[in-house]
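What the coordinates show
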Amino acid sequence: MKLQFKIFFFIILSFFLKSNAEMASLRGLDGYQESVIDATKNARNHSNFGNLYFKEGNYIAAIKEYELAYALNENSQASAIYLYNISRCLLNLKDYPRAFATVKQAIHRDYLNITFYELEADCILKLNLQDKVLDEIFKDEKNPYNKLTAGFIYLKTGQKQRAITLFDNMINDNPDLLISTDLKNLIKRIK
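The next subject is the packing of helix H8 (residues 146-156) against helix H9 (residues 160-173). Relative orientation of the contacting elements H8 and H9 amounts to 160°, with a least axis distance of 7 Å. Here H8 lies roughly antiparallel to H9, going by the angle between them. Considering the relative orientation of H8 and H9, their crossing is left-handed. Of H9, the residues touching H8 (which contributes Lys147, Leu148, Ala150, Gly151, Phe152, Tyr154 and Leu155) are Lys160, Arg162, Ala163, Leu166, Phe167 and Met170. Classifying every residue of the contact of H8 with H9 by side-chain character gives nine nonpolar, one polar and three charged.

Here is the structure:
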């Protein structure tokens, strides 16, 4: 028994000595550097995996990857894209209330991306809230960006001319909007 204990002790001691020697060499002349996790790069990787899963139609796996990307890079501009992608997945899974809530979060983080408003309109139509939302939009004259949602609702319900008129009016009434160029391009595509 004593011999087994001595062998066990010797193995443990050699392990610790080897580990300490390796750590010392890392900290020594080799220029020891602390390993740093790059959250932005990891978030991008998770988002790319999410995109692959989305293309395969595996929306649950895609959501998990986008959620990881969002958690790693929550305070960046890219976080709005992750939320938008989660919302797209939820819409495909027919979870319309959560899709709507998530795209609203994306718009809150980046109100200049007009594709977010298009997805919001899709959610509104799936929830059959278009009349209520349109009433609210036209009562609130303070936020011109709300009219993007209205324009997309009109466009998706076959009221193309009404959508074009609304987008044109947005450009004319608010020439300093940062999205005016995007709106002009959208109008060209619609026509």
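Between its first and last C-alpha, helix H6 (residues 114-126) extends 19 Å over 13 residues, near the 18 Å set by a 1.5 Å rise per residue. Within the sequence span of H6, burial applies to Ile114, Phe116, Tyr117, Leu119, Glu120, Ala121, Cys123 and Ile124. Those residues of H6 that are buried are in contact with helix H4 (78-92), helix H5 (96-109), helix H7 (130-139), H8 and helix H10 (180-190). Following H6 by one or two positions, Asn128 adopts a phi angle in the positive range, close to 55°.

Glancing now at the environment of Ala78. Residue position: Ala78 is located in helix H4. Remark: the alpha-carbon pair of Ala78 and Thr40, spanning 38 residues in sequence, is separated by 9.2 Å.

Attention now moves to the environment of Tyr84. For Tyr84, the position within the fold is in helix H4. Between the C-alpha atom of Tyr84 and that of Leu119, which follows or precedes it by 35 residues, the distance is 8.2 Å. Apart from the residues within four sequence positions on either side, Tyr84 is in contact with Ala106, Thr115, Phe116 and Leu119.

In this section: the pattern of salt bridges. Counted by the stated rule, this structure contains four salt bridges. Among the ionic pairs, Asp95 bridges to Arg98, the shortest N-O distance being 3.2 Å. For Arg98, a relative accessible area of 44% gives the class partly exposed. A salt bridge links Asp122 to Lys156; the nearest nitrogen and oxygen atoms lie 2.9 Å apart. One end of the pair, Asp122, is in helix H6; the other, Lys156, is in helix H8, and 34 residues separate them in sequence. On the basis of relative accessibility, which here comes to 23%, the residue Asp122 falls in the partly exposed class. When salt bridges that share partners are traced, they join Glu118, Asp122 and Lys156 into one network.

Quick notes on the rules
- Residues numbered from 1 in each chain as written.
- Predicted model: local features only at pLDDT ≥ 70, side-chain atom pairs only at ≥ 80, totals over all residues.
- Heavy atoms only, no water.
- Axes fitted to C-alpha atoms, helices over the stretch in contact; angles between N-to-C directions.
- Helix = DSSP H or I, 4+ residues; strand = E, 2+ residues; numbered from the N terminus.
- Parallel < 35°, antiparallel > 145°, perpendicular 65-115°, else oblique.
- Left-handed = near helix turned anticlockwise from the far one by under 90°.
- Contact = heavy atoms within 4.5 Å.
- Nonpolar A, V, L, I, M, F, W, Y, C, P; charged D, E, K, R; others polar.
- Expected span 1.5 Å × (residues − 1).
- Buried < 20%, exposed > 50% of the residue type's maximum accessible area, 1.4 Å probe, protein only.
- Salt bridge = Lys/Arg side-chain N within 4 Å of Asp/Glu carboxyl O.

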